[in-house]
Amino acid sequence: MLIVTNIESTVNQLSTSEVESEMIAWTDPVHFGQVVLERDLDTFSERRVAVLSSFGWDEDGVMSEDFSLRNEEFERFLGTGEQVVLLFGPSIRDQLQLSQICDYLSTASSEVLDCIAFGLSDVPIESNAEACLEALRNLSADPFGLLIGYRDLWRAYAGGDPRFLEQFYRTQNDERLKYIASRVLRKYPSAENGLSLGDTQILDALSLGLRRPQELFDACQETEAFAYATNWEFWSVLHRLCAGLEPFVKVLNNDRFLCPPKDLAWDTFYSQELVLTEKGERAASPEQCYADSHYPNRWIGGVRLHQNNRWYWDYEAGQLVRMPRTRELAMV
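Throughout what follows, the structure given in this document is the object of discussion. (Residues numbered from 1 in each chain as written. Predicted model: local features only at pLDDT ≥ 70, side-chain atom pairs only at ≥ 80, totals over all residues. Heavy atoms only, no water.)

A complete count under the given rule lists 14 salt bridges for this structure. With a shortest N-O distance of 3.3 Å, R76 and E22 are connected by a salt bridge. Remark: E22 occurs in strand 2 (residues 22–25) and R76 occurs in helix 3 (residues 63–78); sequence separation between them is 54 residues. Exposure remark for E22: the relative accessible area of 35% places this residue in the partly exposed category. (Salt bridge = Lys/Arg side-chain N within 4 Å of Asp/Glu carboxyl O. Helix = DSSP H or I, 4+ residues; strand = E, 2+ residues; numbered from the N terminus. Buried < 20%, exposed > 50% of the residue type's maximum accessible area, 1.4 Å probe, protein only.)

What follows concerns unusual backbone geometry. The phi torsion at N254 lies on the positive side, around 70 degrees, for a residue other than glycine. Structurally, the position occupied by N254 is in the loop between strand 5 (249–251) and helix 13 (266–271).

Residue placement: D114 occurs in the loop between helix 5 (110–113) and strand 4 (116–120). Of the residues examined, D114 reaches a relative accessible area of 66% and is grouped as exposed.

Our next topic: the nonpolar core. In terms of nonpolar packing, the biggest core is built from 53 residues, with V4, F74, V84, L86, L105, F118 and Y188 touching the most fellow members. Among the nonpolar cores identified, the runner-up in size contains 23 residues, and L203, A205, F234 and L238 belong to it. (Core = buried A, V, L, I, M, F, W, Y, C linked by side-chain atoms within 4.5 Å.)

For helix 3, spanning 16 residues, the distance from its first C-alpha to its last is 23 Å, which sits close to the expected 22 Å at 1.5 Å a residue. Taken together, the buried positions of helix 3 are occupied by M63, F67, R70, N71, F74, F77 and L78. Projected down its long axis, helix 3 carries its buried residues within an arc of 140 degrees, all on one side. Exposed residues lying more than 90 degrees from the buried face of helix 3 are E65 and E72. (Expected span 1.5 Å × (residues − 1). Arc of directions from axis to C-beta.)

Once that is clear, we can look at the pairing of strand 2. Both strand 1 (residues 2–5) and strand 2 contribute to a ladder of four bridges, which runs parallel. If you follow L2 over to strand 2, its bridge partner there is E22. Assessed by its sense of winding, the connection that carries the chain from strand 1 through helix 1 (residues 8–15) to strand 2 is right-handed. (Pairing = 2+ DSSP bridges. Right-handed = clockwise from strand over helix to strand, strands pointing away.)

This is how it looks when you write it as structure tokens:
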């Protein structure tokens, strides 16, 4: 049997349990940065290494080789006729990793698909060995139906038009998949204030008096139904909010914000104290909209957001729109 799971820490804890199996960690955080609709695993991995390296996430230069070895082992095992268990938790990171794998498997032969089983946990598995074992004891009896659902999620997420994901969200009956789609849609700037849900969580935590990066991360995680498995994306969001001529957040002593992994001064990083700027304080007010002045240039899945490709998530209407709801209130 081969167990394919989310990250190395899950593999490590399973290795010390009663499970005797080959294991692969699908370590690519596909919820972060650009992804493409590409079923060839090596081609996809090359694109992802370039994306993650641009954020300094491959400081040792081993990511390309690690992904290549992972892909080779996964593809080799699929031809053995032995069972392959896809063991993933409920976080957005886990679920999108699983959806990429399912997109790849969706064109496999019936002989390969007959060997696929799903071990889905309702609680995070990377720090909970019992949750892993429980999922392995209760494998899904409907692998093909799940595979198609996750394949469709991936194609909606990695496609170049955000309306694909909105349509998936509107027509999805599976509550787990529907939640993942809705949470990704809330990564888009809000039509009400021009800020993403993650941006708003950080500004709210700062307004409550939290200051240091780790305590901000912990507080924001507590607001999520299913927490992310990594804090790296969170640091990059903090960095973006501290950037520009008119940032929303600043370091208390006006120093430059140190953002890992490019700035690996860990003691200094964790000791930084962050506060809202005047603009950040105004942004906490529901009367202010920054949709015109602060549109983010970034990727969400296969969609590149920029000044000439604006999309907003309208919470009241529950849909994507091209224009902010309170455009006349836009602030500079």
